Amino acid sequence: TVYRGIQQLVKAFNPQDQITFKEVVLLEFPKEGVYSIGFITTKLPQELAPKNDQPYVSVFVPTTPMPTSGFFVIVPKSKVTPTDLTHQEALALII
């Protein structure tokens, strides 16, 4: 079970894989004033956006100590802060 979870995580960060995390970001989650590290997975198609007045992104927020589990949230792009962290650095902080 652990091997399968780690294998899925490694595949998610593999540049050749179709499902990759695009960018490491900070976002207020799980509540205002509390920040979490997340990974943008995709830009949300406009027809799925809660409001059409701004772009939304899908963000995966991993949990500690098992970053293979986590939360999937949809937030306005303006609510995420890009970071200079690499995927590996972000995972090291989370674990």
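Here the structure is a predicted model, which is why all the values come from computation and not from measurement.

## Quick notes on the packing of aromatic side chains
The description of an aromatic ring pair rests on the distance of the ring centres and on the angle between the ring planes. If you walk through the whole model with that rule in mind, you get one aromatic pair. Taken together, a centroid distance of 5.3 Å and an interplanar angle of 55° make the contact between phenylalanine 29 and phenylalanine 71 tilted. One end of the pair, phenylalanine 29, is in the loop between β1 (23-28) and β2 (35-43); the other, phenylalanine 71, is in strand β4 (residues 70-76), with 42 residues separating them in the sequence. Judged by its relative accessible area of 17%, phenylalanine 29 falls in the buried class. Overall, the relative accessible area of 44% leaves phenylalanine 71 in the partly exposed class.

## Things to note about the sheet that holds strand β3 (residues 56-62)
Strand order in the open sheet formed by five strands is β4-β3-β2-β1-β5, and the pairing between neighbours is antiparallel. What marks the edges here is a single partner per strand, and that holds for β4 and β5 (80-82). Sheet twist, expressed as the average angle between the axes of neighbouring strands with direction ignored, equals 40°. Relative to β3, β2 runs antiparallel, the two sharing four bridges. Bridge assignment links lysine 43 to a residue of β3, and that residue is valine 57. Of the strands in this sheet, β1, β2 and β3 touch helix α2 (residues 87-94), which is tilted by about 140° from β2.

What counts, and at which threshold
Residues numbered from 1 in each chain as written. Predicted model: local features only at pLDDT ≥ 70, side-chain atom pairs only at ≥ 80, totals over all residues. Heavy atoms only, no water. Phe/Tyr/Trp six-rings, centres within 6.5 Å; stacked < 30°, edge-to-face > 60°. Helix = DSSP H or I, 4+ residues; strand = E, 2+ residues; numbered from the N terminus. Buried < 20%, exposed > 50% of the residue type's maximum accessible area, 1.4 Å probe, protein only. Pairing = 2+ DSSP bridges. Axes fitted to C-alpha atoms, helices over the stretch in contact; angles between N-to-C directions. Contact = heavy atoms within 4.5 Å.

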